[in-house]
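Chain by chain, the residues:
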Amino acid sequence: MKKYGLMLLLSFSISMQLLAQNPIITNIYTADPTARVYNGKLYIYPSHDVPWNPEWEKLGAVKEGHGHVMTDYHAFSTTDLVNYTDHGVIVAQKDVPWGNKVGYGMWAPCITDKDGKYYYYFPNTPADKSGFRQIGLATATQPEGPFTIEPNYIKGLKGIDPNPFIDDDGQAYMYWGGGKGNSLKVIKLTADMKAIEGETMAIENLPQEYKEGPFVFKRNGLYYLTFPHNKDTKNSTEEIGYAIGKSPLGPFEYKGTIMDRFEDCWTNHHSIVEYKKQWYMFYHHNDISKAGNLRSVAVDSLFFEADGSIRKVIPTLRGVGLTSASDTIQIDRYSHIHNAEIGFVHQAGIPEWKITKAQKDSWVQYNSVDFDIKPKYVKLKLKHTGQKGWIEIRENSKNGPLIAKALVDTTNDKWQTVKAKLDHKPKGTLNLVCVFESDAEMELDWVLFSKK
C-alpha cells in the first residue's frame, strides 16, 4: 500500500510540473511516443531513455554501440494538452518473463484496444539469445494498467517498433521495422491479438533506405503509412515520410516528407492522432540533453490539405494547447523570435530555459495565452547588465496594443523580478510579444500576470 500511495503522490506532483511547451515531458527522458485517445483522455506511451551505468557491466550487461539504453515504460495522460500526468512504470524489463534482465533494449512500444482490453506491444532483448529483438505483449483492462505480461514473445515478429492497427471490420494488423533489407513489414494478427496469421509481407515502393518506426492510421477511407527513414544510420539523421494506400496491406504510394531531418538529433519517431477535432503529431528531439540517446517527447499540430495530403509539420518550442495568463509563462518556449537566443538557466534535474542576448530591436512572441483572469500587473524575472532599458509587453505583434512597459535598471547580473502596472487589459485568447530596448544584453526567464 505504501508503494502505491507514493506512486499516486508522484503522479500528482509531476502533473503539476509539466506544461504546454515543448518538450512536454521533462521529468524523465522519453522518446518514440505512441499517442492514443481513450475514455476522453489523450494518452502517450513512450520509450524511456536512461544514461548508461558502467556498474551494469558487473551484472553481465553489454553496452551496445548505438548508445540507446531503455529499462522500462511509463504512461502519460492529459485532457488539455497542457498538463500531463505520469502514471509511472507500466512495464519493466525486470518483469518480462522471456526477456534479458540486463538487456536494456526496451525500445519503441505501441498500444491498441479491442473489446474493452488494451494490448501493449514492446520489443525487448530475449534471454534465450534467439534474436536481436523480439516483440512481446502485455494486456490490461485500463489504459494506464496494471498490465500483465504474456509469458513468451510473439513468434514470427522478430524486429523492432511494433505498430498494431485494427481496421473498421475488426481485423488487426501488425507493422514493424528493423532487420535486414531496409523494409517495413506487415502481417495479420489473430482475433485474440496474441499471435500472427498468414504470411509476412515486405512493404514495397518506399524510399530505398533504412526505415523504422511505422505508424498507420486511417482517415476518410485512406490508409496512411508514416515512418522515419535515413540514408545512412551512422552519418545521417532521420526525416519522417508517408505513403497512402487503399488497403491496410497496400500497395502504398510514397507521398513525401511530413517532418524534415534534425541536424542535431539523428533519430526521430512519431505518432499521429486526432483529439478534440484537431490532429497532432507527437515526436522526439534531444532538447534537454543535447545527446542523441537521451531524448524528449514533443508535439505540434498537424493539418491535411483538401486532397488528403499531409502538410509538413514545422517543430516549435511553443508546442500546443492554451496557456492561462494566471500561470507562469515560460517565454523562452517561444513561437517566434528575432535578434535573440535561448539558453539554459540550469540544466540539472528539470531544466529551465531563458531568453538571452536580447537588446535593441529584439523581440519574442508566445502564442495562445488565455486571459481568463483580469490582471492589474505583470511581473518579469530578468537580468540586465546595462544602466537603462525596458521591455514592452504587446498584444499579437511587436507593434500591437501596449499591455505594459517595464522599466529596467541594472540588476548587476543577478536575477530580479520587476513589476509593471498594465496600461491595457487584454481579453480572450491572444499572442504575447515581448519587445526589448536596452543599451546592453538582457535575459528574460518568465512572465506572470497577477491581480496584485
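Here's what I pulled together on the structure shown here.

The rules behind the values
Residues numbered from 1 in each chain as written. Predicted model: local features only at pLDDT ≥ 70, side-chain atom pairs only at ≥ 80, totals over all residues. Heavy atoms only, no water. Helix = DSSP H or I, 4+ residues; strand = E, 2+ residues; numbered from the N terminus. Rg over C-alpha atoms; globule rule 2.2 N^0.38 Å. Buried < 20%, exposed > 50% of the residue type's maximum accessible area, 1.4 Å probe, protein only. Contact = heavy atoms within 4.5 Å. Areas by Shrake-Rupley, 256 points an atom, 1.4 Å probe, with all protein chains shown as cover. Lys, Arg positive; Asp, Glu negative; His and termini not counted. Charge placed at Lys NZ, Arg CZ, Asp CG, Glu CD. Pairing = 2+ DSSP bridges. Axes fitted to C-alpha atoms, helices over the stretch in contact; angles between N-to-C directions. Phe/Tyr/Trp six-rings, centres within 6.5 Å; stacked < 30°, edge-to-face > 60°. Lys NZ or Arg CZ within 6 Å of the ring centre and 35° of its normal. Core = buried A, V, L, I, M, F, W, Y, C linked by side-chain atoms within 4.5 Å.

Along the backbone of the protein there are one helix and 31 strands. Computed over C-alpha atoms, the radius of gyration of the protein comes to 24 Å, within 12% of the 22 Å expected from 2.2 N^0.38 for 452 residues, which places it in the range of a compact globule. Sorting the 452 residues of the protein into buried and exposed places 58% on the buried side. Look at the contacts in the protein between residues 6 or more apart in sequence, and 58% of them connect residues 24 or more apart. Accessible surface, the protein: about 20,000 Å² in total, of which carbon and sulfur atoms supply 50%. Taken as two groups, the 53 positive and 53 negative side-chain charges of the protein have centres that lie 4 Å from each other.

Read across the open sheet, the five strands follow the order S23-S24-S31-S26-S29; overall the sheet is antiparallel. Two strands lie at the open edges of the sheet, namely strand S23 (341–346) and strand S29 (416–421), each paired on one side alone. Averaged over all neighbouring strand pairs, the angle between strand axes comes to 40°, with direction disregarded. Pairing of strand S26 (residues 377–384) with strand S31 (residues 442–450), which is carried by eight bridges, proceeds in the antiparallel orientation. Bridge pairing in S31 links Leu382 to Leu444.

Moving on to the packing of aromatic side chains. Applying the stated criterion to the full structure yields 25 aromatic pairs. Ring centres of Tyr43 and Tyr45 lie 6.1 Å apart, and the angle between their planes is 20°; on these two criteria the pair is classed as stacked. Its relative accessible area of 3% is what places Tyr43 among the buried residues. Considering the side-chain rings of Tyr120 and Phe122, the 6.4 Å spacing of their centres and the 35° angle between planes classify their relative orientation as tilted. Of the residues examined, Tyr120 reaches a relative accessible area of 0% and is grouped as buried. Its relative accessible area of 0% is what places Phe122 among the buried residues. Aromatic ring contacts, followed pair by pair, group Tyr38, Tyr43, Tyr45, Tyr73, Trp98, Tyr118, Tyr120, Phe122, Phe147 and Tyr153 into a single cluster. The side chain of Lys381 reaches across the aromatic face of Trp415, ending 5.8 Å from its centre.

Our next topic: the nonpolar core. Judged by nonpolar contacts, the single largest core of 33 residues is most densely connected at Leu444 and Phe449. Elements that contribute at least two residues to this core include exactly strand S24 (352–358), strand S25 (362–371), S26, strand S27 (389–395), strand S28 (402–408), S29, strand S30 (428–438) and S31. When sequence neighbours within four positions are dropped, the list of residues in contact with Leu444 reads Ile331, Lys354, Ile355, Leu380, Lys381, Leu382, Ile391, Trp415, Cys434 and Phe436. Counting 23 residues, the second largest nonpolar core, distinct from the first, contains Tyr45, Tyr73, Ala140 and Ile160.

Before going further, it helps to spend a moment on the pairing of strand S16 (residues 239–245). In terms of burial, S16 is a largely internal element, seven of the seven residues being buried. Side chains Glu239, Gly241, Ala243 and Gly245 project from S16 onto one buried face, and the interleaved Ile240, Tyr242 and Ile244 project onto a second face that is buried too. Bridge count for strand S15 (residues 222–230) against S16 is seven bridges, and the pairing is antiparallel. When the bridges of S16 are listed, His229 appears paired with Glu239. As paired strands, S16 and strand S17 (residues 252–259) are joined by six bridges and run antiparallel to one another. Within S17, the position partnered with Ile244 by the bridge is Glu253.

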